[in-house]
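Residues per chain are reported as follows:
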Amino acid sequence: MAEKKVGEMNRNRTMLSAAERNLVAAAEEFGRTEVASNANRWERERRQPLEAIRKAATLGLVRIQVPVQQGGLGFSFACKMHVAEVLSRHDMAFAFALINTHNSAERLAKTGPASPRERLLPRLLSGEILGCAGLTEPGAGSDFAAIATQARRVDGGWVLNGEKAWITNAANAEVIVTYAQTDPAKGWRGIASFIVEASKPGFERRPAFELAGAHAIGAGGFVLKDYFVADADVQYGPGEAFKHALGGINGARTYVAAMACGMLEESLRLAIRHGEARRTFGQKLIEHQGWRWKLADAATDLEAARLLCDRAAALIDGEADAVLAAAQAKKFASEMIVPRLADCMQAMGAEGLKDIYPIGRHILCGRVANYVDGSTEIQNDRIGALLTKEYS
Ligand SMILES: Cc1cc2nc3c(=O)[nH]c(=O)nc-3n(C[C@H](O)[C@H](O)[C@H](O)COP(=O)(O)OP(=O)(O)OC[C@H]3O[C@@H](n4cnc5c(N)ncnc54)[C@H](O)[C@@H]3O)c2cc1C
C-alpha cells in the first residue's frame, strides 16, 4: 500500500477535474523527489534553484492557468492553489518563485501586449527564463500608490527611472512587469505597468537580499536608468494598472494561505511520526494528552485554513468578488502558521531543530507569508473596510 500522509485522506480535491488532480499528483511527486531532497542545500547555497524551476516547467507547472491557445493547460486557479500547497510541504520559497514565474506567463498570455507575448511567453513556459512583478520600492511597500518610479512620455513610448526592491525572482528574472507613476498628481490613477526586460539597456540588477532564509525566492531589486519602453510593451495604461494589480492580488493572497497549509501539513506529519516512535515516562509521546492537544490545535487550524482557501478559490474561479474571502484566508493562515509550526517543532523535542527536517525553514517562510502580497495588517485593513457591508 502507498505510504499514507497526514492530510492526504481529508484534503478535499473535489473542486478539481481529473486532469487537474493528475497535475497536482505530479507536483506532489516532484516535491517528494526533487524539492524535499534539495531544499536544504539550496538554502545553504543561498540561491535560487534555476535548474529545479526548469524541471518543474517540463511538468507543466508554469502553464497551469495559461490558456490552451497560448500553449498552456487552461486549468483553474484552484489547481494552481493545490500545486502551491503540495510543493510548499517541502519548500514554500521554491513554490513561491515558481508560481511567480507562472503568473508572469499567465499575465503575458491573457493580457500582455502581442509583441512581448510572442517574444517572451515560450521562454517563460519552458522555464528558460523567470518572470516577476515589481510594485514594491525601497520607499513604498504597503502604500503601493506612493511608488516613485517615474514613467515619462516620449516619442513612441515611455522612459522609466527609479528603483524596485523586495521583488520575488528579481535575482534572476528576465521579464518584470514593472509599475511606474506617469503623473504623481493623479495618485493611483497615474500608475501604469510596463514589460521590462533585464537584458535591455537601462536595467541594472541589484544583488539579491541576504536574508535569514527563503533564498529560493530570489528576492532582490533593480534600478531603471532612462530605460525605454516602446508603446508596444505597455501592459496597462494609467488608471488601469492599479485596478488590475489589486484584482490579481486576491489569487496571490489565497495561494499564500494554501502554502502555509502545505508547510503545516508536513510539519504535523513529522511531529506525529515522532510522537508514535518516541517514548517518555513509559508511554509513547502521542499517548500523553498534553502532548497531543497542541497538535490537535494545529490540525484544527490547518483544516480551517484550508476551508478558507477553498472558499476564496471557488469565488476566484467563479469570477466573483473574492476580496474579503482572500484577505480572511491570508490573515488566518499567516497569523496561525508560525506558532503552529513552532508547536510541531516543540513536540519533537531537540530532534525538531535538526536541519534534516524542514520545520526551521518553514518557520522563516511563515514569516515571509506575513508580508508578501499585502502584510497581515493590510489584510486587517481590507477586512475592516468591509465590516459594515458584510456583517452589520
Ligand atoms: C520575500 C519577499 C518577497 C516579495 N515579493 C514581492 C514581489 O514579487 N513584488 C512586489 O512588488 N513586492 C514584493 N514583496 C514586498 C511586499 O509586498 C512588501 O514587503 C509588503 O507590501 C509590505 O511592505 P513593506 O515591507 O515595505 O512594509 P511597510 O509598508 O513599510 O510597512 C511596515 C509595517 O507597518 C505595517 N503597516 C503599514 N501601513 C500600515 C497601516 N496603515 N496600518 C497598520 N499597519 C501598517 C505593515 O503591515 C508592516 O508590518 C516581497 C516581500 C518579501 C519579504
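Residues numbered from 1 in each chain as written. Predicted model: local features only at pLDDT ≥ 70, side-chain atom pairs only at ≥ 80, totals over all residues. Heavy atoms only, no water.

Overview of the domain arrangement of the protein
Link 1 in the chain: Each domain of the protein was delimited in the assignment, giving domain 1 (18–129), domain 2 (132–239) and domain 3 (242–391).
Link 2 in the chain: Using C-alpha coordinates to define each centre, domain 1 is positioned 22 Å away from domain 2.
Link 3 in the chain: Each partner contributes residues to the interface: domain 1 has 24 residues there, and domain 2 has 25 residues.
Link 4 in the chain: Summing both sides of the interface, domain 1 and domain 2 together bury roughly 2,000 Å²; the carbon and sulfur share of this comes to 55%.
Link 5 in the chain: Contact with domain 2 buries surface across domain 1, with Arg46, Gln48 and Arg107 losing the most and accounting together for 27% of the total.
Link 6 in the chain: Between domain 1 and domain 2 we count three salt bridges in total.
Link 7 in the chain: Measuring nitrogen to oxygen at the nearest pair gives 2.4 Å for the salt bridge that ties Arg119 to Glu197.
Link 8 in the chain: In this structure, the connection of domain 1 to domain 2 is made through 15 residue pairs in polar contact (both at pLDDT 80 or more).
Link 9 in the chain: Here the side of domain 1 that touches domain 2 takes ten residues from helix H4 (residues 92–111), the largest share from any one element.
Link 10 in the chain: Of the residues that constitute the side of domain 1 that touches domain 2, the class distribution is twelve nonpolar, six polar and six charged. (Domains from an automatic or database assignment. Contact = heavy atoms within 4.5 Å. Buried area = accessible area lost by both parts, 1.4 Å probe. Salt bridge = Lys/Arg side-chain N within 4 Å of Asp/Glu carboxyl O. Polar contact = N/O pair within 3.5 Å; in protein donor to acceptor, adjacent residues only side chain to side chain. Helix = DSSP H or I, 4+ residues; strand = E, 2+ residues; numbered from the N terminus. Nonpolar A, V, L, I, M, F, W, Y, C, P; charged D, E, K, R; others polar.)

A short note on the site of the ligand
Link 1 in the chain: Thr136, Ser142, Trp166, Ser375 and Glu377 are the nearest of the 14 residues found near the ligand.
Link 2 in the chain: Ser142 places a polar side-chain atom, nitrogen or oxygen, 2.7 Å from an oxygen atom of the ligand.
Link 3 in the chain: In the environment of the ligand, a nitrogen atom lies 2.9 Å from a nitrogen or oxygen atom belonging to the backbone of Trp166.
Link 4 in the chain: Within the complex, 64% of the 960 Å² of free accessible area of the ligand lies under protein.
Link 5 in the chain: Tallied by class, the residues present in the shell around the ligand amount to seven nonpolar, five polar and two charged.
Link 6 in the chain: When residues are assigned to domains, the shell around the ligand turns out to be shared by domain 2 (132–239) and domain 3 (242–391), each giving three or more. (Near = heavy atom within 4 Å. Areas by Shrake-Rupley, 256 points an atom, 1.4 Å probe, with all protein chains shown as cover.)

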